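Architecture and fold: a report
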Amino acid sequence: MVLEATDVDLTYHGLFINGAWCEAEKGRTFTVSEPATGLPLARVAHASRADVDRAVAAARHAFDHGPWPHTPPDERARILHEIATLIEANAHELAELESRDGGVPLRATTFNDIPLGMHMMHAFAELARRPPYEPMPWNDFPTLSWNFVWRNPCGVCAQIIPWNYAFCMTVWKLGPALATGNTIVFKPSSLAPLTSLALVKLIDEAGLLPKGVLNLVTGPGAEVGEYLVGHPQVDKIGFTGSTEVGRKIMAIAAPHIKKVTLELGGKSPSILLPDADLDKAIDGIIFGMFYHAGQLCEAGTRCLVPSSIYAEVVERLVARTRQLRIGDPLDLATDIGPLISHKQRETVERYIALGREEGAKLVLGGGRPLGAEYEAGPFVEPTIFTNVNNRSRLAQEEIFGPVLAVMPYDELGEAIKIANDTMYGLAASVWSQDIQLALEVARSIRAGTVSINEHHVLNPYAPFGGFKASGVGREMGVAGMLEYTEPTHIHVDFQQKREDKLWWDALLPPVEEA
Ligand code: NAD
């Protein structure tokens, strides 16, 4: 099945509950607009608590009574491969929709985001083949027995994603949970829900999943999302978003002792070592920082540079960043699109003002690009600050916009100390030609992903997640799959005779002979 242009533009999108598209209670809707132009793109259902109740009940029923949790892993893998094939068949439409909806340049959505989503779904299909059975080491105390672990799906999963990287985030939240036999109530962000809706529509029209396995609700996080995560019939929460909301979700989950994985914010360092190949490293650091206009959780927002080459590196970073073209996300020549919203631009501009107040030196950007084409959208120039103190708010707080803080260091130990001196621990990159040294640095960084001579390379076979306030648990890879399972230890006792059993020695008196 292939999406028609009319499916993706200016249409009404309902809720997807128990295998059917439906209106929200009382027909409530909200409008989704294109960040670059401010023009409305679609009307989307605004779910009520009763709608969430229906979605959770459908997922509960599909889990408790449906075939999905017991479907053989190979069959689930086949279905996930089919979903990946649907993504491939609709890649062009999805890339354009992601660009319109999230303001992400078409270059990025065409060459990375959508193909990456497809690649990830194939990878999750492969990981789905993992048998739910795990052997255990031999253990003959207290009794001779055969032991193994059976991996059960967790149950009903509330899957919530942010607006950035929306398509890939959707794949992250659907693939592993489905692969392991869970049922889902999925909530995308109200700011960019359209590629999530398009993917669920593709899955539905291809008839790939039993009724109730995948449900989708839309609406504001504080209302719909909060009610969903607190729902007593939800077993597991998979949340990606800000650290602030992650804290709230943990608190909501606590009284129920719900299983939670949280993928939260970051303030990741790009650490340049003195021997780095500067032609590559400068481009890589700029990619790490300004891809998606800096609106990525693992963006390399703090750049640590040896004092000996600091002036040269700053000059080259500024010169190369100046060449980035800001503009219409649908133009393939555009490198940087708008931010997601005017509110987000206000936040970024507050941080730029704060950076100046804190004494950092603005060496590039800091304002809005000039020209009629930039008037409607929340565009911000790529911005670089030098002389940044790592304890300043500019260096410590997640800005989620195109603002790079460059800091000098004298010795490697100092660079590692600065890199780790943050409440976050999501990612880092190390730039060097000396792989031995780069590995040493990588192992000293307290972060979930460390790339050597790259940034933003998401690998679905690798665990992704954060230390410290960047999150709890991991997504993707075997570790990510296991987050969607509950292990049961099964003990098959080999002791046949009653007097060889544990109870004989440990508790019960000998049986009196008749
Ligand atoms: P956000 O926390 O405001 O919202 C994320 C999602 O949670 C949205 O769907 C929102 O509607 C919902 N939500 C909001 N309040 C809620 C509540 N009280 N209860 C339940 N749900 C609620 O984040 P955002 O602004 O959409 O996204 C940007 C943030 O996401 C950044 O902090 C970024 O670092 C983070 N992020 C992290 C990762 C990662 O993998 N670690 C990936 C992408 C984005």
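Residues numbered from 1 in each chain as written. Predicted model: local features only at pLDDT ≥ 70, side-chain atom pairs only at ≥ 80, totals over all residues. Heavy atoms only, no water.

**As for the site of the ligand**
As a structural note, the neighbourhood of the ligand is formed by 29 residues, with Ile161, Glu226, Ser242, Leu264 and Glu398 the closest of them. Contact distances for the ligand include 3.3 Å between an oxygen atom and a backbone N or O atom of Gly221. Between the ligand and Glu398 there is a distance of 2.5 Å, counted from an oxygen atom to a side-chain nitrogen or oxygen. Protein burial of the ligand: of its 850 Å² of free accessible surface, 90% is covered by the chains. Those elements that place two or more of their residues in the shell around the ligand are helix H6 (166–179), helix H8 (221–229), strand E11 (236–240) and helix H9 (243–253). The dominant element in the shell around the ligand, judged by the number of residues it contributes, is H8, at four residues. Taken together, the residues of the shell around the ligand break down into 16 nonpolar, eight polar and five charged. Built from parts of two domains, the shell around the ligand gets at least three residues from each of domain 1 (3–134 + 148–264 + 467–489) and domain 2 (269–452). (Near = heavy atom within 4 Å. Polar contact = N/O pair within 3.5 Å; in protein donor to acceptor, adjacent residues only side chain to side chain. Areas by Shrake-Rupley, 256 points an atom, 1.4 Å probe, with all protein chains shown as cover. Helix = DSSP H or I, 4+ residues; strand = E, 2+ residues; numbered from the N terminus. Nonpolar A, V, L, I, M, F, W, Y, C, P; charged D, E, K, R; others polar. Domains from an automatic or database assignment.)

**Observations regarding the side chain of Glu134**
By secondary structure assignment, the location of Glu134 is in strand E6 (residues 133–135). Residue Glu134 is classed as buried on the basis of its relative accessible area, which comes to 19%. Here Arg151 takes part through its side chain, which lies 2.9 Å from a polar atom of the side chain of Glu134. Every residue in contact with Glu134, bar those within four places of it in the chain, is listed here: Phe148, Val149, Arg151 and Leu482. (Buried < 20%, exposed > 50% of the residue type's maximum accessible area, 1.4 Å probe, protein only. Contact = heavy atoms within 4.5 Å.)

**Quick word on the packing of aromatic side chains**
Summed over the entire model, instances satisfying the criterion amount to seven aromatic pairs. Consider the rings of Phe16 and Trp21, whose centres lie 4.8 Å apart with planes at 40°: the pair is tilted. For Trp21, a relative accessible area of 34% puts it in the partly exposed group. Relative to Phe148, the ring of Trp146 has its centre 4.9 Å away and its plane inclined at 40°; by these criteria the two rings are tilted. For Trp146, a relative accessible area of 41% corresponds to the partly exposed category. With a relative accessible area of 10%, Phe148 lands in the buried category. (Phe/Tyr/Trp six-rings, centres within 6.5 Å; stacked < 30°, edge-to-face > 60°.)

**Quick notes on the pattern of salt bridges**
Evaluation of the coordinates by the stated rule reveals 23 salt bridges. A salt bridge links Asp64 to Arg60; its shortest N-O distance comes to 3.0 Å. One end of the pair, Asp64, and the other, Arg60, are both in helix H2 (residues 49–65), four residues apart, so they sit about a helical turn from each other. The exposure class of Asp64 is partly exposed, given its relative accessible area of 43%. Given a relative accessible area of 15%, Arg60 falls into the buried group. Of the charged contacts in the structure, one is a salt bridge between Lys173 and Glu475, with a shortest N-O distance of 2.3 Å. (Salt bridge = Lys/Arg side-chain N within 4 Å of Asp/Glu carboxyl O.)

**Here's the deal with H2**
When the terminal C-alpha atoms of H2 are compared, their 24 Å separation across 17 residues agrees well with the 24 Å that a helix rising 1.5 Å per residue should span. For H2, every residue scored as buried is listed here: Asp51, Val52, Ala55, Val56, Ala58, Ala59, Arg60, Ala62 and Phe63. Residues of H2 that are buried in the fold lie against strand E2 (15–17), strand E7 (145–153), strand E8 (156–160), strand E9 (183–187), strand E10 (214–216) and H8. Capping the start of H2 is the job of one residue whose side-chain oxygen sits 3.2 Å from the backbone nitrogen of Ala50: Ser48. (Expected span 1.5 Å × (residues − 1).)

**Focus: the UniProt feature "active site" (unreviewed entry) in the protein chain**
When the UniProt feature table is mapped onto this chain, "active site" (unreviewed entry) is found at Glu263. You can see Glu263 is positioned in strand E12 (residues 259–263). Contact partners of Glu263, with chain neighbours within four places excluded, come to Phe239, Thr240, Gly241, Phe464, Gly465, Gly466, Ser470, Gly473, Arg474 and Glu475. (UniProt positions renumbered as here; feature names shortened; annotations may be inferred.)

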